[in-house]
Every structure is written in structure tokens, then in C-alpha cells.
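Summary of structural features
Now for the letters of each chain:
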Amino acid sequence: RQMCIRDRYMGSQQQQQQTTQQQTIQPPREGERIFASPLARKTAKERNVDLTQIKGSGPEGRIILQDVENFKGVASAQQQAATAPKKEKPAASKTQQAAPATQNPFEDIEVTNVRATIAKRLTESKQNIPHYYLTIEVEMDSLMKLRAQINENATSKISVNDFIIKASAKALLDVPEVNSQWHGTYIRQFKNADISVAVGSDNGLITPIVHNANNKPLEAVASQMKELVAKAKANKLQPNEFIGGTFTTVSYTHLTLPTIYSVQISVVAVSLKKK
């Protein structure tokens, strides 16, 4: 009995000593030597953790790896916040839009899909396609006389633009390198000329296509252009009637410079001047 009582007494003393030792171990103060294992120091440096803020659980208060990994101090919280994925702010609704700078009444007009697509493609073309411009002046007196003669008996009146389309188509056959599309790793060269013609409408600028313009007589080009323009203004063009094309013609003013469309490599802009 005496031996059993003695063992219990000594065991109780040891537990009290361990408890007292754990309670008295405090994190080292500033300037004091820090006792930590090499692995604990390395991990603390990688995690930007201040060892003076950690209470060691190793022998005689030595800081071990587990202490660093379990530390939840300010530096650790900052690190977690820095590495956490940032949440995207939800787009502001119409009711959350910033108030106008002035009290001037205004109206917000929603952009249609067609306008958005046109704006995107034109921006990409201007940014991604190198542009350089060549300008010539041509006397059109003979062409204007020929047009007047044809229109005297023509069922469908021919415009100057129709002549430009036909002339462009014939020129593309003479210089096939221009009758091409750029596709990044290769250039696609076409046998026929599909002429895109820039047409303005209420939905924005769109380019209906006169397919195989090189094989069509001038009267057929004029007739098809009238149909395409009517469809464009009524927003009834089918995708195959405005997507693609190998070359573009556009009316030109000195206030704007023509832009090469989509995957094409050239555009001709025409401006008529009377003298």
C-alpha cells in the first residue's frame, strides 16, 4: 500500500510540474534569442511568419514545425488573404449606374447585337491588320458618258458603284494575290471575286456580298446590289449574304479612313469629286 501511494504521489507531482512548465513558457520577447528548429525557421520564412509571435511546444519552449503550421497570427491571415482568389464584383444593374454629372436630360440607347459585332470586328481589324494607304485620282468623264448611254435603255439603272464593283472583280483576276484571305498559318487564294460592299443601315454598317462578280454582267451586278441594299436596310440579310467576301468596296470621305474587313487583305474606297 505504501508503494502504491508513493507512486501515485510522484505521478501527481510530475503532472503538476509539466502543467506549470507549459503555463510558464511564453513567446520570446523582442531582442531575446529564439529557439526554433531549422525546419521551423525555414517554413516561417517562406510563410512570412514572425517567430517571436509563436509559443513553442518543443523541449524548453523550442519552436517546432507543428507550431509554425498551427500559427494563426496576423501575418498568416494576411498571407491567406493575399493568396485567396479575388471575387469578381457583380456588374452594376441599370439602377446602380453612376448618376450623370449634369442635370441635362439624356436617354440610354441599347446597342444591338449587329452594332456590337460590327464595332468588335472593326476594332480588331484596325488593331491586328497593318494598314497602309495608296491614293490615286482618276478622270471618270468617259465612264460617266458610258453610264448615261446604258441607262437610257436599261430596265435597272446602273450606278457608279456598280461600275466600281465590276472593275474591282476584273482587277482581282489580274492580281490574284489580292483576291485572298489571311488565316494565320496560310493564305487562301480564290478563283472568283466575291465583292463585299459597305452599306449603311439603321442597324449599322454591313457588307452584303456580290458573289462571283467577275462572271456577272454589269446589269446583273446592279440588279443584285439593289436587292442586297433593300435586304440590308430591312435587316433581312442571310448570313451567307454578308459573311465572307474576298474584297471590299466602300464610299470614302476625307473625314474617315477605310478599314480592311475581317480576314480580307485589301479594301478600295471611292470618293467622287466634281470639277
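This structure is a prediction, so every number in the text was calculated from the model and none was measured.

1. A look at the overall build of the protein
If you tally the helices and strands in the protein, you get eight helices and eight strands. Within the protein, buried positions represent 28% of all 275 residues. For the protein, long-range pairs separated by at least 24 residues make up 54% of all intrachain contacts whose partners lie at least 6 apart in sequence. Here the protein has roughly 20900 Å² of accessible surface; of this, 53% comes from carbon and sulfur atoms.

2. Here's the deal with the packing of helix α7 (residues 160–174) against helix α8 (residues 218–233)
Their axes nearest at 9 Å, the elements α7 and α8 cross at an angle of 120 degrees. On the basis of the axis angle, α7 is oblique to α8. In terms of crossing hand, the pair formed by α7 and α8 is right-handed. Counted together, D162, F163, I165 and K166 of α7 and L218, V221, A222 and M225 of α8 form the full contact between these two elements.

3. Quick look at the nonpolar core
Of all hydrophobic cores here, the largest spans 16 residues; its most connected members are I165, I195, A213 and M225. Mapped onto this core, the elements with two or more residues apiece are α7, β3 (195–197) and α8. Looking at this core element by element, the count peaks at four residues for α8. When neighbours within four sequence positions are excluded, I165 is seen to be in contact with I195, V197, A213, V221, M225 and T249. The next biggest cluster of nonpolar side chains, apart from the first, holds 10 residues, and it includes I34, A44, V49 and F71.

4. Regarding unusual backbone geometry
For N212, which is not glycine, the phi torsion reads 50 degrees and is therefore positive. Mapped onto the elements, N212 comes out in the loop between β6 (209–210) and α8. Residue classification places N212 among the partly exposed residues on the basis of a relative accessible area of 33%. Despite not being glycine, N235 has its phi angle at roughly 60 degrees, a positive value.

5. Re a nonpolar patch on the surface
On the surface, W182, I187 and I265 cluster together into a nonpolar patch covering about 310 Å² of accessible area. Take I187: it is sitting in strand β2 (residues 187–189). With a relative accessible area of 53%, I187 lands in the exposed category.

6. Here's the deal with the side chain of Q224
Following the sequence through the fold, Q224 ends up in helix α8. Taking the relative accessible area as the measure of exposure, Q224 reaches 18% and is therefore buried.

7. Some words on the confidence of the model for the protein
Of the residues in the protein, 76% have a pLDDT of 70 or more, and the chain-wide mean is 79. At the level of individual helices and strands, the protein shows its lowest average pLDDT in helix α1 (residues 2–24), which scores 47, and its highest in β6, which scores 96. For the stretch residues 17–25, pLDDT sits under 50, and the model shows six contacts to residues farther than four places along the chain or on other chains.

Quick notes on the rules
Residues numbered from 1 in each chain as written. Predicted model: local features only at pLDDT ≥ 70, side-chain atom pairs only at ≥ 80, totals over all residues. Heavy atoms only, no water. Helix = DSSP H or I, 4+ residues; strand = E, 2+ residues; numbered from the N terminus. Buried < 20%, exposed > 50% of the residue type's maximum accessible area, 1.4 Å probe, protein only. Contact = heavy atoms within 4.5 Å. Areas by Shrake-Rupley, 256 points an atom, 1.4 Å probe, with all protein chains shown as cover. Axes fitted to C-alpha atoms, helices over the stretch in contact; angles between N-to-C directions. Parallel < 35°, antiparallel > 145°, perpendicular 65-115°, else oblique. Left-handed = near helix turned anticlockwise from the far one by under 90°. Core = buried A, V, L, I, M, F, W, Y, C linked by side-chain atoms within 4.5 Å. Patch = residues over 30% accessible without salt bridge, like charges linked within 9 Å, V, L, I, M, F, W, Y side chains within 5 Å. Salt bridge = Lys/Arg side-chain N within 4 Å of Asp/Glu carboxyl O. pLDDT = per-residue confidence, 0-100.

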